[in-house]
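# Reading the structure
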Amino acid sequence: MAAFDTVIRRGTIATASETYKADVGIRDGRIVSIGEALTDADEVVDAAGMLVLPGGIDSHVHISQPSGPGIVMADDFASATRAAAFGGNTFVMPYCLQAKGQPLREALKDYHALADQNCHIDHSFHLIIADPTESVLGQELPALVADGYTSLKIFMTYADLALSDFQILEVLAVARESGALVQIHAENYDAIRFLADRLERAGNTGPYFHGKSRPIVVEREATSRAISLAELIDVPIVIVHVSNREAMDEIRRARMRGLTIHGETCPQYLVLTEDDLKDLGMEGAKYVCSPPPRDKASQQACWEGLQQGIFSLFSSDHCPFRYDDEAGKLTPNARSSFRWIPNGIPGIETRLPILFSEGVSKGRISLNQFVALTATNHAKTYGLARKGSIAVGYDADIAIWDPGRTATLSQKDLHHGADYTPYEGLEITGWPIATMLRGRFVVREGKLVGDKSYGRYLSRGKPFKPSAP
Ligand code: URP
Ligand code: ZN
Ligand code: ZN
Ligand code: ZN
């Protein structure tokens, strides 16, 4: 019997802290050896000239999530995880959305049913708490955290989701006691409603005005308030999808006060601007997401946040709707006002190539920062042991990258369920040419070779120590 099932030979390994040339020996789905001249294997994969990186972990994706009457997300678990694998990812963290009045376990049952035997890569779930009732806070949530559902998301905006400050405090208190990490979507709901009403009354109803209804101050105020509420309870939080300098500076200041506030940004805030929608008419709906992309100065701010570690997480916020579809961006109501355009854009497959190309290839961040921002920090933040690094004992979740390969992003080459990419035409240098999950190739030489029954659900550890016994 050979010593290894597979050896990846002669590649350049990068982790969050080191870059070096070595061979990787894999057995039973795990990395069991890293060294020189490992050859005794059933299969030897030559990676000379290539980078050997941990598979990407995307800790912010929406898959098969109900999004309003008559609206259907463009991806199910099979298509989203297939696209993710082509983009160099081996793990995703989608949301399990609680409907109003719904027990959390019932919602989880639905999402597990959608995901089980239907994922090309591994996954776990964040809970979206839409209805923090007494039983959710008192019994359901603490029990689920103990069962390994150790993170959740709450919203300060959206009609069906926005929690009051009182409710946010209640959720944060339960999170502190049970050891769950809370993500907060920080935008001021009332301010958005006020601005949207005024824009509509003035006849400014096209997709371009979506951004005008949620300017930076709306995000900054809510970010500051979210951090203050977390400070009151003394609990870590994640501010997700930060789009600009002012919100980022709230995180920076909170850190200087000694608070644990994690920050996340996304590709749309690095390469899109609100002006991209300006002359597009209804087609601007393709770019409608919240918070909206801002301007060049905000893009620069987000780069600084990544460089300086204010943002430790770089996620896609993949939230795919078809454009040319009444069940997607063009609902019957969407033409009457931006208010009815489903929020969210696809990006699960393009997240890593965009950050690699714009970040590493253009010299804005190091390769080690890239690995930290796209894999290692997600595993550490959300309690994923054995994921997110190339190290002995870790799962053999590996993306092999060709740092010199160029491509032009185009819908025709992507594998998601959406009918467009907001990044059409973006020139990329650096591409993931193979993706391996627990020792088996999922994507190789541009082809899907894995099976959608191979991706597993993973229960997670607690991201921090709970405060109560
Ligand atoms: O517009 C967005 N980001 N839609 C997805 C839902 C969310 O708030 O993350
Ligand atoms: Zn499951
Ligand atoms: Zn959000
Ligand atoms: Zn999101």
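Residues numbered from 1 in each chain as written. Chains lettered and ligands numbered in written order. Predicted model: local features only at pLDDT ≥ 70, side-chain atom pairs only at ≥ 80, totals over all residues.

### Side note on the overall build of the chain
The line we're drawing: Strands here are runs of E lasting at least two residues and helices are runs of H or I lasting at least four, both read from the DSSP assignment and numbered beginning at the N terminus. The reference for a compact globule is 2.2 Å times residues^0.38; the radius of gyration itself is calculated from the C-alpha atoms. For every residue, the other C-beta atoms within 10 Å of its own C-beta are counted; 20 or more classify it as buried, 12 or fewer as exposed, and values in between as partly exposed. C-beta atoms are placed from the backbone. C-beta atoms are first placed from the backbone for all residues, and any pair lying within 7 Å is then listed as a contact.
Looking only at helices and strands, the chain has 12 helices and 18 strands in total. In summary, the chain has a C-alpha radius of gyration of 21 Å against a globular reference of 23 Å for 469 residues, a match within 12%. Projected onto its principal axes, the C-alpha positions of the chain cover 70 × 55 × 45 Å. Expressed as a percentage of its 469 residues, the buried residues of the chain come to 54%. Restricting to contacts in the chain with at least 6 residues of sequence separation, those with at least 24 account for 77%.

### What to know about the packing of helix 11 (residues 351-361) against helix 12 (residues 367-382)
Applied cut-off: Throughout, an axis means a line fitted to C-alpha atoms (over the contacting stretch in the case of helices), and angles, computed between N-to-C directions, take values from 0 to 180 degrees. Reported orientations rely on four angle classes, namely roughly parallel under 35 degrees, roughly antiparallel over 145, roughly perpendicular from 65 to 115, and oblique for the rest. The handedness criterion is simple: a crossing whose near helix is rotated anticlockwise from the far helix by less than a right angle is left-handed, and one whose near helix is rotated clockwise is right-handed. Residue polarity is assigned by list, with Asp, Glu, Lys and Arg as charged and Ala, Val, Leu, Ile, Met, Phe, Trp, Tyr, Cys and Pro as nonpolar; anything else, Gly included, falls into the polar class.
Where helix 11 meets helix 12, the axes come as close as 10 Å, and the angle between the chain directions of the two elements is 150°. With respect to helix 12, the axis of helix 11 lies roughly antiparallel. When the axes of helix 11 and helix 12 are compared, the crossing they make is right-handed. Of the residues in helix 12, those touching helix 11 at L352, L355, F356, G359 and V360 are L367, F370, L373 and T374. Of the residues belonging to the contact of helix 11 with helix 12, the class tally is 7 nonpolar, 2 polar and no charged.

### Observations regarding the UniProt feature "domain: Urease alpha-subunit N-terminal" (unreviewed entry) in the chain
What counts, and what does not: UniProt positions are given in the numbering used here, feature names are shortened, and annotations may be inferred rather than shown by experiment.
Mapped onto this numbering, the UniProt entry annotates "domain: Urease alpha-subunit N-terminal" (unreviewed entry) at residues 3-38. In the segment residues 3-38, helix accounts for 0% and strand for 72%; the C-alpha atoms at its two ends are 9 Å apart.

### Some points on the site of ligand 1
Basically, it comes down to this: To decide nearness, the C-beta atom of each residue is placed from the backbone, and the residue is near a molecule or strand if that atom lies within 6 Å of it.
Taken together, H62, H185, H241, C289, S290, D317, C319, N343 and G344 make up all the residues around ligand 1. When its residues are assigned to classes, the shell around ligand 1 shows 2 nonpolar, 6 polar and 1 charged.

### Considering the confidence of the model for the chain
Under the convention used in this document: The quantity known as pLDDT measures the predictor's confidence residue by residue, on a range of 0 to 100.
Scored by pLDDT, the chain comes out at a mean of 98, with 100% of its residues at no less than 70. ipTM for the predicted complex: 0.95, alongside a pTM of 0.98.

### Looking at the UniProt feature "domain: Amidohydrolase-related" (unreviewed entry) in the chain
In the numbering adopted here, UniProt assigns the feature "domain: Amidohydrolase-related" (unreviewed entry) to residues 51-442. Between the C-alpha atoms that bound residues 51-442 the distance is 17 Å, and the span itself is 36% helix and 18% strand.

### Structural notes on the pairing of strand 3 (residues 30-35)
Selection criterion: Here, strands pair whenever DSSP counts at least two bridges between them.
In this structure, strand 2 (residues 19-27) lies alongside strand 3, joined through 5 bridges in antiparallel fashion. Bridge pairing links D23 to G35 in strand 3. Between strand 2 and strand 3, which pair antiparallel and follow one another directly, the connecting turn spans 2 residues, one of which, D28, has a positive phi of 50°.

### So, helix 3 (residues 134-146)
Put simply, the test is: The span one expects for a helix is its residue count, reduced by one, times 1.5 Å. The bend reported for a residue corresponds to the angle between axes fitted to the seven residues ending at that residue and the seven starting there.
Helix length check: helix 3 (13 residues) gives 18 Å between terminal C-alpha atoms against 18 Å at 1.5 Å per residue, within 8%. Along helix 3, the helix axis deviates most sharply at E140, where the bend reaches about 40°; the proline P142 sits within four residues downstream. For helix 3, the full list of buried residues reads V136, E140, L141, L144 and V145. Among the structural elements, helix 2 (104-115), strand 9 (126-128) and helix 4 (165-178) are those in contact with the buried residues of helix 3. The positive-phi residue at the C-terminal boundary of helix 3 is G148, with phi of around 100°.

### Examining the environment of L97
Tracing the sequence through the fold places L97 in strand 7 (residues 89-97). Taking the C-alpha atoms as reference, L97 lies 9.9 Å from S64; in sequence the two are 33 residues apart. When sequence neighbours within four positions are dropped, the list of residues in contact with L97 reads Q65, P66, A107, I128 and A130.

### Thoughts on the domain arrangement of the chain
Just so we agree on the cut-off: Either an automatic procedure or a domain database provided the assignment from which the domain bounds are taken.
Examined at the domain level, the chain breaks down into domain 1 (4-53 + 386-448) and domain 2 (56-368). The distance between the C-alpha centroids of domain 1 and domain 2 comes to 27 Å. Where the side of domain 1 that touches domain 2 is concerned, the elements lending two or more residues are strand 15 (398-408), strand 16 (427-437) and strand 17 (440-444).

### Things to note about the pairing of strand 5 (residues 51-54)
Pairing analysis gives 2 bridges linking strand 1 (residues 4-14) to strand 5, with the strands arranged parallel. Looking at strand 5, one finds that I13 is bridged to V52. Both strand 5 and strand 15 contribute to a ladder of 4 bridges, which runs antiparallel. The residue bridging P54 from the neighbouring strand is I398, located in strand 15.

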